[in-house]
Amino acid sequence: MDEPKPASVIASATAEPPPEPLPPPETQPGDIARERPPARALQWRSKVEALVIPCGAIAVALVLFGIFVWTQGANPFAVFASIYKAAFASTRSFENTLVRAAPIMLCALGTAIPLRLGMVVIGNEGALVMGGLMATAAGLLVVEAPALVVQLTMAGAGMVAGGTWLLIVGALKHYRGVNETISSLLMNFIGIALLNQAVNSWMKDPSSLNKPSSFPIPEEKMLTPLGTTDVHWGIVFGVVFCIVAYILIHKTTFGFQIRTIGANIRAAQLAGLAVGKVTLVTCFIAGAAPGLAGMVEVAAVHGVANESLNVWYGNAGILVAFLARQNALACIVVSVMLGGLLASGGILQRSHQLPDATILVFQGIVFLCILYSESLYGKFSIFQEKKS
Amino acid sequence: MTDAESLGWWGVPIAVLGGALRGGTPFLLVSAGECLTEKSGKTNLGLEGVLLIGAMTAYAVSVNTGNPWAGLLAAGMAGMVLGFIHAVLAQQPKVNDIAAGIAMIIFGSGLAFFFGKAYIQPVAEQLPGIEFGWWSSHPAIRSALRICPLFFFGVAVVFLMQWFFESTRWGLFVRAVGDKPDAARAMGISVWGVRTCSIMAGSFLAGLAGAYLSLYYPGSWTEKISGGQGMIAVALVIFARWNPVGCLWASLLFGGAQALGPALQSVGISSYYYLFNASPYILTLLVMVLTCTNKKQLAGQPGALGASS
């Protein structure tokens, strides 16, 4: 694999047409890019900016949402208190939050990793469903084996299935120029249809009448909870996957190639990077994460594959990937926050007579505010480094 | 689907024809709206949210006033409001319009489900249909040929839009803004103004499509009513090569493909029911794979599409 050459080499090697200079590796890809000053000692201002702007956006979103629930006759402060209570206040509620955060975290990587390549892939839902379906199929094939073998087989099958699902998206983009957002969207619908077809025919357990499901994975072969808590192994998988993804993207040569392609694909081609290979491998890794989420949902929560796999975790992952600004470590924190928010849907209905869609409105407002705040970087002179 | 059963195998093509006209109409309106939006150089994936808001608003207004036409107008207006938010957001520097669209889907569907919860039970006055099947005694044919006036409105819109793009000064402005925003700006055209108007007009059409869903076919308000049609419209526009009249044919094809699964089930072929239901998506993906190329830009594609502003 070629080592990426510094920008000056590319510039001198190709005189006509003049390529855009290669941005420094810290820069974020594409149109979300922002310039950073070269001197490391002076970077604290932009670090503060990167903290203040998202926090400010969330504060504005909280105010807007408060006004919204106020116009609906609820006390905004009581609503915020309820959300906090349902999400984080007690051990039990925090465990519930973590159980929801695990698949969201993994799904977020499915969007966050390709974003580094400059690709907006929204196929997490399909990858999750395929991962869950294939993990179930593989688990049922080796169901007689010891629990650990069953679980490893399921995890492997889930990751390969999810990875292949997004690999198709990457291949269509690279070889045929098919828009990755649209193709991954269509693949979601196709994946969900395949799941429904499978649990209604080939894999159907005849005893599952109300909700057609696959044959179950035996209880003793499923993933166990961590210690005495209700939290299952999925959260460990999620955190580890996020850390590995962060190291891969920020600390390895391969990650540098990913970020180079994301920053300027033409420059990357001129530098001799194997754009196709990097794109395909990256998409496979990205898809493995939501695929693993599907496996976790089957192996730790449902015990069967059925339509309960398709509960918008994939879409929540898209939201997290953008809120975390594609940073895999930030995905962990944001997923826990969103998991808490989702866990609090019920209490709003019970204590405040607000429909459960209230949480969806809140998510929408936060997303809109965060996106708007992207345009504010570099607009405040207080965060600009002083030129010496 | 008992109607189709009485016709035997003939029920299948009739159900597909009926599906093309009936199920294709919302696709027609949304994809026409998306076509206008994309011609101005921006993508609006958020039409899914607009569709849901339109469906909910139309149903609620029709329940409360008893007048479905007032509901239709309200749906278009609600769509324009969401379109305006998208226009402001998607034109900020460094903001990806696809991401903005996803945010609009979450926001729009949240609002629609929030306010629509009270309207799942009541029954709304429906939009009227025009009977073109009066000559037949078969109920299947009669129901297939009972066409909503919105279908003819949609057909008129795409032909007008074609003429608008090709032969009018304003149409030229939209195309210029979509192809070469810098050149358009140099001509003294307000890029922001043209794009905002295009996105809002496109969202108005999508709002009407939402009203069609809740007030004509399937004719009730549920949270699953749109089923991704607003997002599929983006694929349809690529399929139609950014040509408004192409959107008409693409929508009819889609509506027909959607009706295939239930129609085959009604004549006893039910073993691949769920896969047949996914046929519109598989079809779109196949068409895109076969027709897209990474060698050159697609014919008709606006030059500034996908570029950051």
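No experiment lies behind these values; they were computed from the predicted model shown.

(A) Inspection of the overall build of chain A at higher detail. The number of helices and strands found in chain A is 15 helices and 0 strands. Taking all 388 residues of chain A together, the buried fraction comes to 56%. Partitioning the contacts of chain A with sequence separation of at least 6, the portion at a separation of at least 24 is 75%. When the accessible surface of chain A is summed, it comes to about 16500 Å², and 66% of that surface belongs to carbon and sulfur atoms.

(B) Region of interest: the overall build of chain B. A tally of regular secondary structure across chain B gives 15 helices and 2 strands. If you line up chain B on its principal axes, its C-alpha atoms span 65 × 45 × 35 Å. Classification of the 309 residues of chain B by burial places 59% in the buried group. For chain B, long-range pairs separated by at least 24 residues make up 76% of all intrachain contacts whose partners lie at least 6 apart in sequence. With the model as given, the accessible surface of chain B reaches about 12000 Å², and the carbon-plus-sulfur share is 67%.

(C) Looking closely at the interface of chain B and chain A. Across the boundary between the two partners, chain B contributes 47 residues, which contact 49 residues of chain A. Summing both sides of the interface, chain B and chain A together bury roughly 4200 Å²; the carbon and sulfur share of this comes to 77%. Applying the counting criterion to the chain B and chain A interface returns 1 salt bridge. The salt bridge involving Lys117 of chain B is made with Asp356 of chain A; its shortest N-O contact spans 3.8 Å. Applying the counting rule to chain B against chain A returns 7 residue pairs in polar contact (both at pLDDT 80 or more). Contributions of two or more residues to the side of chain B that touches chain A are made by α5 (68-90), α6 (97-116), α12 (229-239), α14 (273-277) and α15 (279-291) of chain B. When residues of the side of chain B that touches chain A are assigned to their parent elements, the largest contribution, 14 residues, is made by α6 of chain B.

(D) Summary view of unusual backbone geometry. Cis geometry marks the peptide bond from Tyr217 of chain B to Pro218 of chain B; its omega dihedral reads 5°. Tracing the sequence through the fold places Pro218 of chain B in the loop between α11 (191-215) and α12. A positive phi angle, near 50°, is found at Arg325 of chain A, a position not held by glycine. Within the secondary structure, Arg325 of chain A is located in the loop between α12 (313-323) and α13 (328-343). Given the relative accessible area of 11%, Arg325 of chain A is considered buried. Even without glycine at this site, Gln353 of chain A takes up a positive phi of about 55°.

(E) Just the packing of aromatic side chains, in detail. All names here are of chain B. Going through the model one piece at a time under the given rule, you end up with 18 aromatic pairs over all chains. Here the aromatic rings of Phe151 and Phe152 are separated by 5.5 Å at their centres, their planes lie at 75°, and the arrangement is edge-to-face. Taking the ring centre of Phe165 as reference, the NZ or CZ of Lys39 above it sits at 5.8 Å.

(F) Representation of the nonpolar core in the model. Formed by 206 residues in total, the largest nonpolar core has its most connected members in Met295 and Phe367 of chain A together with Trp221 of chain B. When neighbours within four sequence positions are excluded, Trp221 of chain B is seen to be in contact with Leu52, Ala55, Met56, Tyr59, Ala112, Phe113, Gly116, Tyr119 and Ile120 of chain B.

(G) Broad picture of the side chain of Ser184 of chain A. Tracing the sequence through the fold places Ser184 of chain A in helix α7 (residues 180-200). Beyond its immediate sequence surroundings of up to four residues, Ser184 of chain A is in contact with Val121, Ile122, Gly123 and Val169 of chain A.

(H) Examining empty space enclosed by the protein more closely. All names here are of chain A. Applying the stated criterion to the full structure yields 2 cavities of 30 Å³ or more. Counted as a void, the second largest cavity has a volume near 30 Å³. Pro54, Leu323, Arg325, Ile370, Ser373, Glu374 and Tyr377 together form the lining of the second largest cavity. Ranked by residues supplied to the lining of the second largest cavity, first place goes to helix α15 (residues 358-374) with 3 residues. Residue composition of the lining of the second largest cavity, by class: 4 nonpolar, 1 polar and 2 charged.

(I) Representation of the packing of helix α4 (residues 91-116) of chain A against helix α8 (residues 234-251) of chain A in the model. Residues and elements named next belong to chain A. Closest axis-to-axis distance for the α4/α8 pair is 8 Å, and the angle between their directions is 20°. As far as their axial angle goes, α8 and α4 are roughly parallel. In this structure, α4 crosses over α8, and the sense of that crossing is left-handed. Across from Leu98, Ala101, Ala102, Met105, Leu106, Leu109, Ile113 and Arg116 in α4, the residues of α8 making contact are Gly234, Ile235, Phe237, Gly238, Val239, Phe241, Cys242, Ala245, Ile249 and His250. Each residue belonging to the contact of α4 with α8 can be placed in one class, and the counts come to 14 nonpolar, 3 polar and 1 charged.

(J) Highlighting the pattern of salt bridges. All names here are of chain B. The full count for this structure, using the stated rule, is 5 salt bridges over all chains. Linking Glu131 and Arg146 is a salt bridge whose minimum nitrogen-to-oxygen distance equals 3.3 Å. Taken together, the positions of Glu131 in strand β1 (residues 130-131) and Arg146 in strand β2 (residues 146-147) put the pair 15 residues apart, joining distant regions of the chain. Look at Glu131 and you get partly exposed, because its relative accessible area is 38%. Classification of Arg146 by relative accessible area gives partly exposed; the value is 33%.

Calculation notes
- Residues numbered from 1 in each chain as written.
- Chains lettered and ligands numbered in written order.
- Predicted model: local features only at pLDDT ≥ 70, side-chain atom pairs only at ≥ 80, totals over all residues.
- Heavy atoms only, no water.
- Helix = DSSP H or I, 4+ residues; strand = E, 2+ residues; numbered from the N terminus.
- Buried < 20%, exposed > 50% of the residue type's maximum accessible area, 1.4 Å probe, protein only.
- Contact = heavy atoms within 4.5 Å.
- Areas by Shrake-Rupley, 256 points an atom, 1.4 Å probe, with all protein chains shown as cover.
- Buried area = accessible area lost by both parts, 1.4 Å probe.
- Salt bridge = Lys/Arg side-chain N within 4 Å of Asp/Glu carboxyl O.
- Polar contact = N/O pair within 3.5 Å; in protein donor to acceptor, adjacent residues only side chain to side chain.
- Phe/Tyr/Trp six-rings, centres within 6.5 Å; stacked < 30°, edge-to-face > 60°.
- Lys NZ or Arg CZ within 6 Å of the ring centre and 35° of its normal.
- Core = buried A, V, L, I, M, F, W, Y, C linked by side-chain atoms within 4.5 Å.
- 1 Å grid on protein atoms, 1.4 Å probe; cavity = no way out; pocket = protein on both sides within 12 Å on 5 of 7 lines; lining within 4 Å.
- Points joined across faces, edges and corners; volume = space filled by probe spheres on them.
- Nonpolar A, V, L, I, M, F, W, Y, C, P; charged D, E, K, R; others polar.
- Axes fitted to C-alpha atoms, helices over the stretch in contact; angles between N-to-C directions.
- Parallel < 35°, antiparallel > 145°, perpendicular 65-115°, else oblique.
- Left-handed = near helix turned anticlockwise from the far one by under 90°.

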